[in-house]
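Residue strings, one per chain:
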Amino acid sequence: MTPPDLDRTNALFLDLDGTLLEIAPTPESVVVPPNLPGLLASLNALLGGAVAIVSGRSIAVIDSLLAPYSASAAGEHGVALRYQDGRVEEMPKGLAVPDEWREVLRGATERWPGVLVEPKAHGVAVHYRLAPDRSTEVWRLVRGLVPQDHSRFHLIPAREAVEIGPRAASKGHAVERLMAQAPFRGRRPIFVGDDFTDEAGMEAARQFGGEGLRVAEVFGGDPAQVRAWLSRGVELLSNRAASAPPLGVPS
Ligand SMILES: [Mg+2]
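Notes on the structure follow.

1. With respect to the coordination of the magnesium ion
Right, on to step 1. The magnesium ion binds to the protein through Asp15 (OD), Asp17 (O) and Asp194 (OD); the donor distances cover 2.1 to 2.2 Å.
Right, on to step 2. Each donor residue of the magnesium ion belongs to the same chain, with the gaps between them written as D-x1-D-x176-D. Of this pair, Asp15 sits in the loop between β1 (10–14) and α1 (36–46) while Asp194 sits in the loop between β10 (188–193) and α6 (198–207), and the two are 179 residues apart along the sequence. Considered together, Asp15 and Asp194 belong to a single accessibility category, that of buried residues.

2. Things to note about helix α4 (residues 135–145)
Right, on to step 1. All of the buried residues in α4 are Val138, Leu141, Val142 and Leu145. The buried residues of α4 occupy one face: seen down the axis, they fall within an arc of 90°. Opposite the packed face of α4, turned more than 90 degrees from it, sit the exposed residues Thr136, Arg140 and Gly144.
Right, on to step 2. On its buried face, α4 is in contact with α3 (99–110), β7 (124–127), β8 (153–158) and β9 (161–166).

3. Concerning the environment of Val192
Right, on to step 1. Positionally, Val192 belongs in strand β10.
Right, on to step 2. For Val192 and Gln225, which are 33 residues apart along the polypeptide, the C-alpha to C-alpha distance reads 12 Å.
Right, on to step 3. Those residues within four positions of Val192 in sequence are excluded, and the remaining contacts are Phe13, Leu14, Asp15, Thr19, Leu213, Val215, Phe219, Val226 and Trp229.

4. Brief notes about the packing of α3 against α4
Right, on to step 1. Packing of α3 against α4 brings their axes to within 11 Å, and their N-to-C directions diverge by 165°. In terms of orientation, α3 and α4 fall into the roughly antiparallel class. As for how α3 packs across α4, the hand of that crossing is right-handed. On α4, the residues touching Trp101, Val104, Leu105 and Ala108 of α3 are Leu141, Val142 and Leu145.
Right, on to step 2. Its residues placed into classes, the contact of α3 with α4 shows seven nonpolar, no polar and no charged.

5. A look at the sheet that holds β7
The strands that make up a sheet pair up through hydrogen bonds in the backbone, lying either parallel or antiparallel.
Right, on to step 1. Taken together, the four strands give an open sheet; going across it, the order is β6-β7-β9-β8, and neighbouring strands pair in antiparallel fashion. Only two strands of the sheet have a single neighbouring strand rather than two, namely β6 (116–119) and β8. In this sheet, adjacent strand axes meet at a mean angle of 20° when their direction is disregarded.
Right, on to step 2. Sheet analysis places β7 next to β9, joined by four bridges and oriented antiparallel. Among the inter-strand pairings, Val126 is bridged to a residue of β9, identified as Val162.
Right, on to step 3. Across the sheet, α4 touches β7, β8 and β9, and the angle it forms with β9 is around 10°.

6. Points about unusual backbone geometry
Right, on to step 1. The step from Ala67 to Pro68 runs through a cis peptide bond, and the omega angle for that step is 5°.
Right, on to step 2. Secondary-structure assignment places Pro68 in the loop between α2 (59–66) and β3 (73–75).
Right, on to step 3. Across the junction of Ala182 and Pro183, the peptide omega takes the value 0°, indicating a cis bond.
Right, on to step 4. In this fold, Pro183 is placed in the loop between α5 (171–179) and β10.
Right, on to step 5. Of note in the backbone geometry, His77 takes a positive phi value of approximately 60° without being a glycine.
Right, on to step 6. Tracing the backbone through its elements, the reader meets His77 in the loop between β3 and β4 (80–82).
Right, on to step 7. Since its relative accessible area comes to 10%, His77 is described here as buried.
Right, on to step 8. One non-glycine residue, Glu160, adopts positive backbone phi at about 55°.

7. Quick word on empty space enclosed by the protein
Right, on to step 1. Scanning the entire structure with this criterion turns up three cavities of 30 Å³ or more.
Right, on to step 2. As for the largest cavity, its lining consists of 25 residues, and the residues nearest its centre are Asp17, Ile23, His127, Ala158 and Asp195.
Right, on to step 3. Among the secondary structure elements, those contributing two or more residues to the lining of the largest cavity are β7 and β9.
Right, on to step 4. A per-element tally of the lining of the largest cavity places β9 first, with three residues.
Right, on to step 5. Residue composition of the lining of the largest cavity, by class: eight nonpolar, six polar and 11 charged.
Right, on to step 6. Looking at which domains feed residues into the lining of the largest cavity, each of domain 1 (10–91 + 169–243) and domain 2 (93–166) supplies at least three.
Right, on to step 7. As a volume, the second largest cavity reaches approximately 40 Å³.
Right, on to step 8. At the level of secondary structure, the elements contributing two or more residues to the lining of the second largest cavity comprise β8 and β9.
Right, on to step 9. Tallying contributions element by element places β9 first for the lining of the second largest cavity, with three residues.
Right, on to step 10. Taken together, the residues of the lining of the second largest cavity break down into four nonpolar, three polar and two charged.

Conventions adopted
- Residues numbered from 1 in each chain as written.
- Predicted model: local features only at pLDDT ≥ 70, side-chain atom pairs only at ≥ 80, totals over all residues.
- Heavy atoms only, no water.
- Donors = N, O, S within 2.8 Å, 3.2 Å for Na, K, Ca; no water.
- Helix = DSSP H or I, 4+ residues; strand = E, 2+ residues; numbered from the N terminus.
- Buried < 20%, exposed > 50% of the residue type's maximum accessible area, 1.4 Å probe, protein only.
- Arc of directions from axis to C-beta.
- Contact = heavy atoms within 4.5 Å.
- Axes fitted to C-alpha atoms, helices over the stretch in contact; angles between N-to-C directions.
- Parallel < 35°, antiparallel > 145°, perpendicular 65-115°, else oblique.
- Left-handed = near helix turned anticlockwise from the far one by under 90°.
- Nonpolar A, V, L, I, M, F, W, Y, C, P; charged D, E, K, R; others polar.
- Pairing = 2+ DSSP bridges.
- 1 Å grid on protein atoms, 1.4 Å probe; cavity = no way out; pocket = protein on both sides within 12 Å on 5 of 7 lines; lining within 4 Å.
- Points joined across faces, edges and corners; volume = space filled by probe spheres on them.
- Domains from an automatic or database assignment.

Quick look at the structure:
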């Protein structure tokens, strides 16, 4: 499957890690290609502001990684949303993972070198990329805290990580809420992602007449190919903008 050519009616929802950025050994060690912020800014301008980063990371971390680019975004899998006008909507803090759970995770993982706990405002992620042989113990631990039928929290499997997050948040809800507002409303969304949590975002994009692109299937699992497709999109959209007939003149 080849990715579609972007046109000016599209909206873009882009996951960050594993989609725009290569996965790194730890969340802190990702490398942001120097041209990526400018590329996103160009796309966002050409699509009338209808570009959103939809990530498991917080909006603050998304901003710091992509600075000076800053636009619509969903953080922590949809726990926090920032609209084009800068307005931020966040779930109530009462929906955050209890402190006792954070303590349990920190305590247990201190005995497991290489297993990292990443605290988030509402959730907590446990990464075992550096200690893959601990995956069974990590999963047993988090499943012990959050049984399958837990009413408020769920486990979010990720690439060599698992996260506890509020059940009420999802990337699908994030897409739905952004699509309800300008400049996304009425556009044809394309969601690009590489992970389990992205599936809900892709499904939502399809509900709005758009599509979901899996990095593994469409881009050979390679974020560089996603970035190349976006660069090509900037060229296409710029050329079309330049060659578009003036308003009112039939083509
Ligand atoms: Mg990802």
